[in-house]
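# Structure assessment
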Amino acid sequence: MKWLKWLIFILAWGFVGCNGLNQDKNIPGDPHSFSQPNKVLATHLHWEGSVDFERKQIQAKASWLLSYAAAADTVVFDTYGLTIDSVRLDDNQSTFWKLDVPQAFLGSALRIALKPSTQMVHIYYRTGSQARGLQWLEAQQTADKQHPFLFSQGQAILTRSWLPCQDSPALRFSFDAELSVPPGLKAVMSASNQAQMQPSGRYSFSNKKPIPSYLFALAVGDIHFKAFDERTGVFAEKSKLEQAWQEFANLPPMIRAAERLYGRMPWERLDLLVLPPSFPFGGMENPMLMYVAPSLIAGDRSLTNLVAHELAHAWSDQILRHASWEDFWLNEFFTNYIERRIIEEMEGPAYAEMMLALNNLELERNLAQAKTNHQPTILAPKLLGKDPDLVLSAATYQKCTAFMMQLESKLGKKELDQWIKKQIAEGKNQIHTTNTFVDQHQNSLFATNVFESDIRDAWLYQNELPRNYERKPSARFASVEAVASIWQQGEDIRNLPTGGWSVYEWIYFLRAVNHGQIDPQRLHALDALIGFSQSGNVELKSVWFQLCLQHHYLEVLPEIENMVANTGRRKILIAIYKALWNNPITKDEALLWFNNYQQRYHPVARSSIAQLLGK
Ligand SMILES: [Zn+2]
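Residues numbered from 1 in each chain as written. Predicted model: local features only at pLDDT ≥ 70, side-chain atom pairs only at ≥ 80, totals over all residues. Heavy atoms only, no water.

### Details of the overall build of the protein chain
Each helix and strand in the protein chain was counted, giving 19 helices and 21 strands. The C-alpha extent of the protein chain, read off along each of the three principal axes, is 85 × 60 × 50 Å. Classification of the 615 residues of the protein chain by burial places 59% in the buried group. Expressed as a percentage of contacts within the protein chain between residues at least 6 apart in sequence, the contacts between residues at least 24 apart total 73%. As presented, the protein chain carries roughly 24900 Å² of accessible surface, and 50% of it is formed by carbon and sulfur atoms. Charged side chains of the protein chain number 60 positive and 63 negative; the gap between the two group centres comes to 4 Å. (Helix = DSSP H or I, 4+ residues; strand = E, 2+ residues; numbered from the N terminus. Buried < 20%, exposed > 50% of the residue type's maximum accessible area, 1.4 Å probe, protein only. Contact = heavy atoms within 4.5 Å. Areas by Shrake-Rupley, 256 points an atom, 1.4 Å probe, with all protein chains shown as cover. Lys, Arg positive; Asp, Glu negative; His and termini not counted. Charge placed at Lys NZ, Arg CZ, Asp CG, Glu CD.)

Take a look at the structure:
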C-alpha cells in the first residue's frame, strides 16, 4: 500500500511547522546539491560505522542535528548509490522518507519528513559497490602488500556516496564519530586522531570546528605514526613511514612561517597521511589530516611546495566559503597566495620568483592547449548539468596565482598580507559566490584604482589572460633560457653551466627547449647524463616523458609504462596519456595501458582519462 503511505505523508506534511528559526536564510543555490539549507541545515553529525573489507562496504548510522531557518516539513540530503535501511527521528520515532530517482553524477535526493519538534534525524544505511568517494585497495595495491586499505576522497561531490549529507561546499558541520574496523588496522579521519593502533579495532573521533562535506575524510589500513613535534606528525604504511618522516620534516617550520605571517594555525594539530599510489591528487587539505600522494616523496624534499599549499588552506579556509563548485576559484585564490608567501619565507624570494615563472609558463601552455581543444578556462564557469570533477583544471589554480600576483603588485605585499590577516582574525567565514565576493570588496581588493573593471572581469570570465598582464621574470630562469638556447644550437650539455640546478631549473629547461624538432639521439645523450627517466621527482619525469613522446624518443616507453602503472595522480596521468594520444605512433600504447592499469586508478582519474581517450 505504498500509495496510501504517501498520501498520508503528503497530508501530514501540510500541517507541520518548524521548531524555532535560528539560522541565516541567505545561502545561495548550489547546482550540485539537492539539499535546501535555507529551510533546514544539518549542523552536527554523530556518525557510527563499521568497515567491511570483504564486502567493500561501510554500514553506518548518520545522526544529523538540524537547525531551522524557515517552516519546514522535510529535510533533504544528497546521496549517491546508498542503500537506506531505515530513517528515525529523535528518540527512535518512525517517519516517512523517499529516495528520488537518481540523476547521473548527482545521485538521489533523500527526502525525510519532519515533525514540528524534530531536532535530529538518524539515517541507517550501507554504501554501494560503486561508491565514487571510496577506494578499496587489495593488499597487493598497497606499499606493504600485507593488508587492505580504504581511503575516501570527497572533492568535489563524492562524499554523498558514503555519507548522506548536504553536499555543498558552502555548508559546514562539526562531527564526532565511532568507527569499528577489522582488528590490526587503524582508522584515521579529518579530526583529532589516536596515534596508537587499537587492538579492538574501535576508534573514536571528534572535530568541533565545522568543515564542509568534501573534507569529511576517512582512511583505514595498516597505518603507523611518527611525530614531528607536539602538534604535527605523519601517518603512513610501515615501509613508507621513515622516508615520509624525512621528506616532510619541514612541516613544523612551514607552520611557524605561516603563523608569522597570518597568526596562529586555526587547527589545534595537523598531521599528514601518506596515501597509497592510487590517490588521484597531489594533496588534499582535509582538516587536521592532510592527505599527501606518495609521489611527493622525491627523496630531496623538492615536491614539498605542495604541502605548503595544503597547509595554506588551514588559514585561507577561514576567510570565506565558496557557494558552489562554480565559485571554486575563491577557494584557491587566497590559498595559492598564502602558499607562495610560505615558500618565500622558507626558501627566499629568488626561489619564489622561479616558482611564479614556472606557474605562468604552465598557465600559458594550458591556456593554449585548452584553446585548441575548445575547452573553457574561465575562473567562474557555469556548471549546471556538468560534473564539477571533470571541469576543474590545473589552469584554475595557475590563473588564481597569476591573478593574485597582479593584485599584490597593485596593492603591495605588506598591505595584502595585512588584509588577509585581518580577514582570518575576524573569521567571518561568509559564503560567497563570485559576484557577492567581488561586490563586497569593491572598495578594497577590486577598487577601480586597483583593477579596471574590464581587467577584473577578464580574469573572471574570459579564457585569455587580461590585456595588461605582465609576466614577472625570474633571474634564475634567465640563465636557464640562455643555456637552453645554446643547447638547441647543438652544443653538448656537458659544456654548459648547469651545475647546482634544482629540479625546477631542469623542468624549465625541458620546457624551453621544446621548439621545432629535437633529434631523439640528443635526448638519449641528455638522459644518459642527467638521468631524467630515473628521477625520484615525478613532476620532472612527467615533463621529460612528454618531451620524449613529442620528439619520438621512444626508447623510454618501458619507463613511461612503469610510470602509468604505478602513479595514480590524475594531473600526471592526464599529461602522459595526452602526450601518448597526440603521437600517432603511441596511440595504441595509450589504449592498451589504460585498459591494463585503469583498475589501479581512482574513479576521478579513470573518468578523466577515459574522456581524453574517447572511451
Ligand atoms: Zn587547494
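So, next bit.
### Digging into the environment of Asn-366
Within the secondary structure, Asn-366 sits in helix H6 (residues 349-372). Along the chain, Asn-366 and Ala-394 lie 28 residues apart, while their C-alpha atoms are 7.9 Å from each other. Setting aside residues no more than four positions away along its own chain, Asn-366 makes contact with Ala-394, Ala-395 and Gln-398.

### Topic: the pairing of strand S14 (residues 218-221)
Here S14 shows no split at all, with Leu-218 and Val-220 on one side and Ala-219 and Gly-221 on the other all buried. Summarising the sheet, strand S10 (residues 149-152) and S14 pair through 2 bridges and their orientation is antiparallel. Residue pairing in the sheet places Phe-151 in a bridge with Ala-219 of S14. Sheet topology places strand S12 (residues 186-189) next to S14; 4 bridges connect them, and they run antiparallel. When the sheet's bridge partners are listed, Met-189 is paired in S14 with Leu-218. (Pairing = 2+ DSSP bridges.)

### Things to note about the coordination of the zinc ion
Ideal values differ by geometry: the angle at a metal is 109.5 degrees with four tetrahedral donors, but 90 or 180 degrees with six octahedral donors. Distances from the zinc ion to its protein donors, His-309 (NE2), His-313 (NE2), Glu-332 (OE) and Glu-332 (OE), fall at 2.1 to 2.6 Å. Around the zinc ion, the 4 donor atoms are arranged such that angles at the metal cover 53 to 142°; this shape is classified as irregular. Taken in sequence order, the residues that donate to the zinc ion follow the motif H-x3-H-x18-E. Placement of His-309 in helix H4 (residues 305-316) and of Glu-332 in helix H5 (residues 329-347) is noted, with a sequence separation of 23 residues between them. With respect to burial, His-309 and Glu-332 carry one shared label: buried. (Donors = N, O, S within 2.8 Å, 3.2 Å for Na, K, Ca; no water. Tetrahedral: all angles 85-135°; square planar, octahedral: opposite > 155°, others 65-115°.)

### A few points about the pairing of S10
Across the two faces of S10 the burial is the same, with Phe-149 and Phe-151 and Leu-150 and Ser-152 all buried. Across 4 bridges, the pairing between strand S9 (residues 134-137) and S10 is antiparallel. From the neighbouring strand, Gln-135 faces S10, where its bridge partner is Phe-151.

### Some points on H4
The end-to-end C-alpha distance of H4, which contains 12 residues, comes to 16 Å, matching closely the 16 Å that a straight helix rising 1.5 Å per residue would cover. For H4, the tally of buried residues reaches 12 of 12 residues, placing the bulk of the element in the interior. Every buried residue of H4 is accounted for by Asn-305, Leu-306, Val-307, Ala-308, His-309, Glu-310, Leu-311, Ala-312, His-313, Ala-314, Trp-315 and Ser-316. (Expected span 1.5 Å × (residues − 1).)

### Remarks on the packing of helix H17 (residues 570-582) against helix H18 (residues 587-597)
Relative orientation of the contacting elements H17 and H18 amounts to 140°, with a least axis distance of 6 Å. One finds that H17 runs oblique with respect to H18. Here Tyr-577, Leu-580 and Trp-581 of H17 lie close against H18, whose contacting residues are Lys-587, Glu-589, Ala-590, Leu-591, Trp-593 and Phe-594. Grouping the amino acids of the contact of H17 with H18 by side-chain chemistry returns 7 nonpolar, no polar and 2 charged. (Axes fitted to C-alpha atoms, helices over the stretch in contact; angles between N-to-C directions. Parallel < 35°, antiparallel > 145°, perpendicular 65-115°, else oblique. Nonpolar A, V, L, I, M, F, W, Y, C, P; charged D, E, K, R; others polar.)

### Brief notes about the packing of aromatic side chains
The final tally for this structure, using the stated rule, is 41 aromatic pairs. With a centroid separation of 4.8 Å and an interplanar angle of 80°, the aromatic rings of Trp-64 and Phe-173 are classed as edge-to-face. Of this pair, Trp-64 sits in strand S2 (residues 57-68) while Phe-173 sits in strand S11 (residues 172-180); the two residues are 109 residues apart in sequence, bridging distant segments of the chain. Pair check on accessibility: Trp-64 and Phe-173 agree, each one buried. On the basis of an interplanar angle of 80° and a centroid distance of 4.9 Å, the ring pair of Phe-175 and Phe-216 is categorised as edge-to-face. In this pair, Phe-175 sits in strand S11 while Phe-216 sits in the loop between strand S13 (202-212) and S14, placing the two residues 41 residues apart along the sequence. Overall, the relative accessible area of 1% leaves Phe-216 in the buried class. Members of the aromatic cluster, connected to one another through ring pairs, are Trp-329, Phe-333, Phe-334, Phe-403, Trp-419, Phe-437, Phe-446, Phe-451, Trp-459 and Tyr-469. The ring of Trp-487 has Arg-522 lying over it, and the distance from NZ or CZ to the ring centre is 4.1 Å. (Phe/Tyr/Trp six-rings, centres within 6.5 Å; stacked < 30°, edge-to-face > 60°. Lys NZ or Arg CZ within 6 Å of the ring centre and 35° of its normal.)

### Let's talk about the confidence of the model for the protein chain
Across the protein chain, the average pLDDT comes to 93, with 96% of residues at or above 70. Confidence over residues 1-22 falls short of pLDDT 50; this stretch has 37 contacts with residues more than four positions distant or in other chains. (pLDDT = per-residue confidence, 0-100.)

### Observations concerning the packing of helix H16 (residues 557-566) against H17
One way to put it is that H16 packs onto H17 with a least axis distance of 10 Å and a crossing angle of 140°. Two packed elements cross with a definite hand, and for H16 against H17 that hand is left-handed. The segment H16 lies against H17, with Leu-557, Ile-560, Met-563 and Val-564 engaging Ile-572, Leu-573, Ile-576, Tyr-577 and Leu-580. (Left-handed = near helix turned anticlockwise from the far one by under 90°.)

### Here's the deal with the sheet that holds strand S6 (residues 97-99)
Overall, antiparallel pairing links the 3 strands, which are arranged S3-S7-S6 in an open sheet. Two strands lie at the open edges of the sheet, namely strand S3 (74-79) and S6, each paired on one side alone. Recorded for the sheet is a direction-independent mean angle of 15° between the axes of neighbouring strands. Here S6 pairs with strand S7 (residues 108-113) via 3 bridges, running antiparallel. Note that in S7 the partner of Lys-98 across the bridge is Arg-111.

### Description of H18
What H18 keeps buried is the set Ala-590, Trp-593, Phe-594 and Tyr-597. Here the buried residues of H18 occupy an arc of 100° about the axis, which is enough to place them on one side. Where H18 is buried, its residues meet H16, H17 and helix H19 (603-612). (Arc of directions from axis to C-beta.)

### Notes on unusual backbone geometry
Of note, the amide linkage connecting Gln-155 to Ala-156 takes the cis form, showing an omega dihedral of 5°. By the secondary structure assignment, Ala-156 is in the loop between S10 and S11. Although it is not a glycine, Arg-301 sits at a positive phi angle of roughly 60°. Residue position: Arg-301 is located in the loop between strand S19 (289-292) and H4.

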